[in-house]
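Descriptive structure summary
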Amino acid sequence: MSKASTHAKLSLQTKLLLVLSLILTLVLLASSALSYRQALHSNEQASEARTVALIDTFEKLIQRSTLLFENQVNQISVESYLRDNSNQTAPKALSLYSGINAIRILNLDGSEIRRWSAQRESHFPPKGLHASLFNQVLERQRPVSRIFCERICYQSSYIPVITSDGDILVINAVRDLQELIVDFASLTGADALLLKPQTGENQGANLLDVYIASNADSTFELLGEIQQLSGFLNSREFVYTRTSKGIHFAQSHILSDDISATPLQLAIIGDDQNAQARIQELLRSNLYAALGALTITIFLCYLTLRTTLKKLVNLSNAIAMLSSSNYGALRDSLSPYTRNPVFIDEVDQLNLIVLEVADALETMEQSVSHNRNELVKKIQELGDAQDFNDVLVNDSPLVIVAHTLEGKIKLLNNYARELSGWYSSNIETQKISDLILPDLSGRSITELLKPLKDQRGTRIQTEQLMRGAGGKVNDLTWIHARVNTGGEPLIISVGLDITERRRTESRLRWLSKHDNVTDLLNRESFHEEANLLIQQYGNTHRIDFALLDIDKFASINDMYGFQNGDVVLKETARYIERLIDCDTIIARTGPNEFSALMILDAQGELGVSPQSSHPVLGRALRFYSALNNDAVEITISGMLATYPQDGYTIDELVSNASAALRKLGPLQKGKINRLLESVDNRALRQERIQIHDNIVKALSDDRFILLYQPIYNLGEERITHCECLVRMRSEEGHLISPAAFMDIAKEHGLMSRLDLVVLRMALIQLREWSVEGLDLKLSVNITAATFESDLFIKELKSLLLETGAPPSRLIFEIVETEAIDNLSTAKELCERLAELDIQIAFDDFGIGFTSFEYLRDLPVDYIKIDQSFIRYLYKRKSDQLLVKSMVDMAIALGKKVIAEGVEDDGSADILRTMGVHYLQGYYISRPRAVADLELDYKMVTI
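My aim in this report is to walk through the structure given alongside it, one point at a time. (Residues numbered from 1 in each chain as written. Predicted model: local features only at pLDDT ≥ 70, side-chain atom pairs only at ≥ 80, totals over all residues. Heavy atoms only, no water.)

**Things to note about the overall build of the protein chain**
Scanning the protein chain from terminus to terminus reveals 31 helices and 30 strands. For the protein chain, the proportion of its 942 residues judged to be buried stands at 43%. Here the contacts in the protein chain between residues at least 6 apart in sequence split such that 60% fall between residues at least 24 apart. Carbon and sulfur atoms make up 53% of the accessible area of the protein chain, which totals about 51500 Å². (Helix = DSSP H or I, 4+ residues; strand = E, 2+ residues; numbered from the N terminus. Buried < 20%, exposed > 50% of the residue type's maximum accessible area, 1.4 Å probe, protein only. Contact = heavy atoms within 4.5 Å. Areas by Shrake-Rupley, 256 points an atom, 1.4 Å probe, with all protein chains shown as cover.)

**Focus: a negative patch on the surface**
Together, Asp790, Glu828, Glu831 and Glu835 line one region of the surface with negative charge. Examined against the element boundaries, Asp790 turns out to sit in the loop between helix H24 (784-787) and helix H25 (792-803). Residue classification places Asp790 among the exposed positions, given a relative accessible area of 75%. (Patch = residues over 30% accessible without salt bridge, like charges linked within 9 Å, V, L, I, M, F, W, Y side chains within 5 Å. Salt bridge = Lys/Arg side-chain N within 4 Å of Asp/Glu carboxyl O. Lys, Arg positive; Asp, Glu negative; His and termini not counted. Charge placed at Lys NZ, Arg CZ, Asp CG, Glu CD.)

**Focus: a nonpolar patch on the surface**
A surface patch of nonpolar side chains, about 470 Å² in accessible area, is lined by Ile296, Phe299, Leu300, Tyr302 and Leu303. In this fold, Leu300 is placed in helix H8 (residues 273-319). Of the residues examined, Leu300 reaches a relative accessible area of 48% and is grouped as partly exposed.

**Describing the sheet that holds strand E12 (residues 409-412)**
In space, the five strands of this open sheet follow the order E12-E11-E15-E14-E13, with antiparallel pairing throughout. Single-partner strands in this sheet number two, and they are E12 and strand E13 (459-467). Going from strand to strand, the sheet's axes swing by 25° on average, the running direction of each strand aside. In terms of strand pairing, strand E14 (residues 473-483) meets strand E15 (residues 490-497) through eight bridges, oriented antiparallel. Bridging across to E15, Trp478 finds its partner in Gly495. (Pairing = 2+ DSSP bridges. Axes fitted to C-alpha atoms, helices over the stretch in contact; angles between N-to-C directions.)

**What about the pairing of strand E28 (residues 862-865)?**
Residues Tyr862 and Lys864 line one face of E28 and the alternating positions Ile863 and Ile865 line the opposite face, and both faces are buried. As paired elements, strand E27 (residues 839-845) and E28 share three bridges and run parallel to each other. Looking at E28, one finds that Phe842 is bridged to Ile863. Relative to strand E29 (residues 896-900), E28 is paired through four bridges, and the arrangement is parallel. Opposite Ile863, over in E29, you have Val897 as the bridge partner.

**A short note on the state of the cysteines**
Taken as a whole and assessed by the stated rule, the structure comprises one disulfide. Distance from the sulfur of Cys724, which forms no disulfide, to the nearest cysteine sulfur (Cys722) is 9.4 Å. (Disulfide = S-S within 2.5 Å.)

**Quick word on the packing of aromatic side chains**
Counting across every chain of the model gives 11 aromatic pairs. Pairing Phe526 with Phe545 gives two aromatic rings, centres 6.3 Å apart and planes at 45°, and the pair type is tilted. Placement of the pair is Phe526 in helix H17 (residues 523-537) and Phe545 in strand E16 (residues 543-550), with a sequence separation of 19 residues. By relative accessible area, Phe526 is classed as buried at 0%. The ring of Phe69 is capped by Arg175, whose NZ or CZ atom sits 4.7 Å from the centre of that ring. (Phe/Tyr/Trp six-rings, centres within 6.5 Å; stacked < 30°, edge-to-face > 60°. Lys NZ or Arg CZ within 6 Å of the ring centre and 35° of its normal.)

**A look at the sheet that holds strand E4 (residues 153-162)**
Strand order in the open sheet made by the five strands is E2-E1-E5-E4-E3, with antiparallel pairing throughout. In the strand order of this sheet, the two ends are held by strand E2 (112-117) and strand E3 (144-149), each with one partner. For this sheet, the mean inter-axis angle between neighbouring strands, taken without regard to orientation, is 15°. Examined bridge by bridge, strand E1 (residues 100-106) and E2 share five bridges and lie antiparallel to one another. Paired with Ala102 across the strands is Ser117, a residue of E2. Taken strand by strand, helix H4 (residues 127-140) contacts E1, E3, E4 and strand E5 (168-176), and its axis lies near 170° from that of E3.

**Focus: the nonpolar core**
In this structure, Phe812, Leu911 and Leu919 are the most contacted members of the largest nonpolar core, which totals 75 residues. Looking at which element gives the most residues to this core, the answer is helix H23 (residues 751-771), with eight residues. Not counting residues within four places of it along the chain, the set of residues in contact with Leu919 comprises Pro710, Ile711, Tyr712, Leu714, Ala899, Val902, Ala908, Leu911, Ile924 and Met939. Membership of the second largest hydrophobic core comes to 29 residues, among which are Leu520, Tyr560, Tyr575 and Leu600. (Core = buried A, V, L, I, M, F, W, Y, C linked by side-chain atoms within 4.5 Å.)

**As for unusual backbone geometry**
Tyr643 connects to Pro644 through a cis peptide bond whose omega is 0°. Looking at where Pro644 falls in the secondary structure, it is placed in the loop between strand E20 (630-643) and helix H20 (650-662). With a phi close to 55°, Glu717 is a non-glycine residue in the positive phi region. If you trace the backbone, Glu717 turns up in the loop between strand E22 (704-713) and strand E23 (718-729). Glu717 gets classed as partly exposed once you look at its relative accessible area, which sits at 24%. Positioned with a positive phi, Asp837 is a non-glycine residue whose angle comes to about 70°. Residue position: Asp837 is located in the loop between helix H27 (823-835) and E27.

**A short note on the packing of helix H18 (residues 553-560) against helix H19 (residues 562-579)**
Relative orientation of the contacting elements H18 and H19 amounts to 140°, with a least axis distance of 7 Å. In this view, H18 runs oblique relative to H19, as classed from their interaxial angle. Contacts from Phe553, Ile556, Asn557 and Tyr560 of H18 reach H19 at Phe562, Asn564, Gly565, Val568 and Leu569. For the contact of H18 with H19, a count of residues per class yields six nonpolar, three polar and no charged. (Parallel < 35°, antiparallel > 145°, perpendicular 65-115°, else oblique. Nonpolar A, V, L, I, M, F, W, Y, C, P; charged D, E, K, R; others polar.)

**With respect to the pairing of strand E8 (residues 239-243)**
Among the five residues in E8, four count as buried, and that is most of the element. Bridge count for E8 against strand E9 (residues 246-254) is five bridges, and the pairing is antiparallel. Its bridge partner lying in E9, Arg242 is registered against Ile247. The antiparallel pairing of E8 with E9 creates a hairpin that spans two residues between the two strands.

So far we have only geometry, and geometry alone does not tell us how the molecule works.
Shown next, in the form of structure tokens:
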């Protein structure tokens, strides 16, 4: 019955799998077919869009080619041919520029002065077209070009020129369009043909109507086939069709009268065979993926059903074990299916019931055989006690020695034999003193065990060496105890081998003071020993401290891996040890940083070779390391400090040298440099930290205020806007200039926060001016840290909404050098600010050697010429020339010009004559509080 049941279940499984497979197959096939059709439709739409773009490209190519052709012809110098009629030399354009067929020079009455031809037959336009184009040139006074077709297509250009005598002549040049068609095909990969326009009456694709074509050998035949299939030349509709040469798309277009004087139809034909192949490949990939998914689904269903059936078969086999009282095997058989089941079904419940029945039967059998088992247990305990003793003595990882009070060895366990190398059968002739060596004070084991012999104690603990195999010794901790047996008393010595522990402790002590990669001292040990050496030799010897750093060590780790980075560290440590020959201690004090304290003699002379006056100062520090079969150059930069000039403690020497090392320039890299007094010491750095703390506190206490410097409009003769300048008020009420805190704010990333504080105050003042009816704009400086922030525009909109300030009266000043460093970001910011009706000023213009291209690309409204060019303008002719060029360039680009730093009337008058629009500086007004502004100021003019 069990087999029949199993067979029925498997049959059901087979049916379910077949039905599921059929459903999934139909769904996947339908999905693949739909995806294929959608891909074909999308590809056809893309081909149609590409065809429209190709037609547009062809027309733009003609226009660009026409401009180039006209420029080429315009460069022909006609004076030499007019002065000497005997000069038959053809213009160089006929030979230099391919495609030019013929050139002639015409008077204003249309008469021909000279004519040249690159071929025997020249192809000038028909008389009617010639007269029309010639008259257009005379009317428009600019070049006119048109395409005309006879057997093939040409382009005729008429270019007016003026001779040195002031006479106006017309140069007429003709070229064929074959090169243009070939260029289009090469550029786009599509074929183009020019032919007579097809009408409804002319349904045939007559190849005699084609004037010119790219790839003529294959294009003519393809054009005829597509025309027969679709008639696209007559309907001018987009065609996507299969031809004898594959999948192609085509469309025709009538060229405009501005391009062609002859009615001309353009036909574009493109090959789409590759796209079709990609779509078919995609279909195959989808089918393979569908087949894989179908296979996995069927397999998972099979696994799901198989587990349940397997449990039923296992249960039927387990029940048969009840009759033979094989309960352990029954539990083992059911254990995989009853151990923490996640989802309990009927089969799991049946398994649990069978286990309960087995437990009940086993309990009954155990109660019947209890007395028998107790008897067997007693017998086994006697044997186990003896086995335990044997295991404890011979298999324990302890040295166990039994010896008499006189020291004769009676028993030596297996581990002791292995450790000592005593495998001979006459161990009983050996003594304990031959095995255990004397302690550090020289006392033998016999002397140490005397209290046990005299029964003055029962246990003694010692740490002594034991003679080992091969002449080695092992460090052991011993416990010795006296044991009284039925006969002779014995001493049992049990030893625990602590040799490895001693070695580990020694290694740990060494590692606590050394770097495990380079074997040099670590930072803590170096500082301890350095301080001791300074105390010992500071008054009698010269002491130098060197801080060394491996250049670009992170790049070495990234390129060659950390294992090779450790190799470089070890080689650097050995290099530094060889480099410094005087008395020194060397340590690795950072990931790629090394420190050395050098002790010199009292006169300052070094224990080095005669070739060097100092072991490290000024030397180029470099060596090569073989990393992954590459010879990599390793360079080391360092800073040399002297005690006590550069620091009174090792901490100060390290701090000052580290600060100076971070500021090394490119020319100072790769060698040891002397610490200079001009480098910031710890006191200066602490002062900068104090200034940073004052800035943060001032931001929290709202102790930043704005001063306003008017900007004078020379055109309107009045103050039209002001620039706001920030000042920090100290806790005592003094105003602090930006020069004292701005660099530190930038260094510590506080500029964005400060910019927003200034912007809020500026917008509030701008709203007040607007409420008072004052027609004033306000200029606010913005730093790179702010305009590069993704949240700036969002915060700006929020402040405008909060304050109610009119954005049209707000001007942002961006420093020129920061804008150029982040040109794309600055351009995007300017465009987004323009959308808010906010204007932009280019501040400090000129100091960054800005090219005209940057000024052209950035949509700014004002440029502010830096005051370094204005301050001595009245005295320096060179500054006048520079400023004049900046003003002319800015005006040509449609920008307003502000000159800042105007301090005298002479400079103001020069700037007015140059065309500057605005003046700013002490000549107009110093920065003032808003209540002290003289907004009705009028500049005196002479």
